[in-house]
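Structural overview for review
These are the residues of each chain, in order.
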Amino acid sequence: MPPLTYDRLLQMARAAEGQTLQTVTGKEFTVGIYRDAPFFTPASSGYGQADGRPPVERFIERYNETGSLRPGDYGKLTRNASYLIGLLRWAESRRADER
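The rules we used
- Residues numbered from 1 in each chain as written.
- Predicted model: local features only at pLDDT ≥ 70, side-chain atom pairs only at ≥ 80, totals over all residues.
- Heavy atoms only, no water.
- Buried < 20%, exposed > 50% of the residue type's maximum accessible area, 1.4 Å probe, protein only.
- Helix = DSSP H or I, 4+ residues; strand = E, 2+ residues; numbered from the N terminus.
- Arc of directions from axis to C-beta.
- Pairing = 2+ DSSP bridges.
- Core = buried A, V, L, I, M, F, W, Y, C linked by side-chain atoms within 4.5 Å.
- Contact = heavy atoms within 4.5 Å.
- pLDDT = per-residue confidence, 0-100.
- Phe/Tyr/Trp six-rings, centres within 6.5 Å; stacked < 30°, edge-to-face > 60°.
- Lys NZ or Arg CZ within 6 Å of the ring centre and 35° of its normal.

Moving on to helix α1 (residues 6-16). Those residues of α1 not exposed but buried are Tyr6, Leu9, Leu10, Met12, Ala13 and Ala16. All buried residues of α1 project into a common sector of 155° when viewed along the axis, lining one side. Seen from the buried face of α1, the exposed residues on the opposite side, beyond 90 degrees, are Asp7 and Gln11. Just downstream of α1, glycine 18 is the residue with a positive phi angle, here 85°.

What follows is the structure, encoded as structure tokens:
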């Protein structure tokens, strides 16, 4: 698989809009895009949250280096690691379903 890019992550977020996704611990959330950056809305609170583009780019850089799907590996980079990983897992499951 080619390295993850910011544009590809935004494509995933656009594809996931309107879907209910899950974190690795099973917490439900939705994803949207605001000002060219993903934002996440946990079902538990209903309040959207975003870090902006720079933390997401740092997440992508670390993900491309490690391939880790453990939110704790990104804790100092973004507060939304569990949602970003949930988005990646959702996109991967869709690819697997298409095969």
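The discussion continues.
Turning our eyes to something else, we now look at the pairing of strand β3 (residues 37-42). Burial runs high along β3: five of the six residues are buried. Linkage of strand β2 (residues 28-34) to β3, two consecutive antiparallel strands, is achieved through a turn of two residues, within which arginine 35 is found at a positive phi near 55°.

By size, the foremost hydrophobic cluster in this structure holds 26 residues, and its most contacted members are Leu4, Leu9, Phe59, Ile60, Tyr74, Leu87 and Leu88. Residue assignment for this core shows that the elements contributing at least two residues are α1, β2, β3, α2 (53-66) and α3 (81-98). Of all the elements, α3 adds the most residues to this core, at eight residues. Every residue in contact with leucine 87, bar those within four places of it in the chain, is listed here: Leu9, Met12, Ala13, Ala16, Leu21, Phe29 and Val31.

Averaged over every residue, the pLDDT of the protein is 93; the share at 70 or more is 95%. Ranking the helices and strands of the protein by mean pLDDT puts strand β1 (residues 21-22) first, with 97, and α3 last, with 88.

This paragraph deals with the pairing of β2. In the sheet, β1 pairs with β2 via two bridges, with the strands oriented antiparallel. From the neighbouring strand, leucine 21 faces β2, where its bridge partner is phenylalanine 29. Hairpin connection, β1 to β2: the antiparallel pair is bridged by five residues, and glycine 26 has positive phi, about 90°. Where β2 lies against β3, six bridges are found, and the strand directions are antiparallel. The residue of β3 that forms the bridge with valine 31 is phenylalanine 40.

Next up on the list: the packing of aromatic side chains. Within this structure, the stated rule accounts for five aromatic pairs. For the ring pair phenylalanine 40 and tyrosine 83, a centre distance of 5.5 Å and an interplane angle of 15° mean the geometry is stacked. With phenylalanine 40 in strand β3 and tyrosine 83 in helix α3, the pair connects residues that are 43 residues apart, well separated along the chain. Pair check on accessibility: phenylalanine 40 and tyrosine 83 agree, each one buried. Residues phenylalanine 59 and tyrosine 74 carry aromatic rings whose centres are separated by 4.4 Å and whose planes lie at 45° to one another, so their mutual orientation is tilted. In this pair, phenylalanine 59 sits in helix α2 while tyrosine 74 sits in the loop between α2 and α3, placing the two residues 15 residues apart along the sequence. Connected via pairs of aromatic rings, a cluster forms that spans Phe29, Phe40 and Tyr83. A cation over a ring is seen here: arginine 53 above tyrosine 6, with NZ or CZ 3.9 Å from the ring centre.

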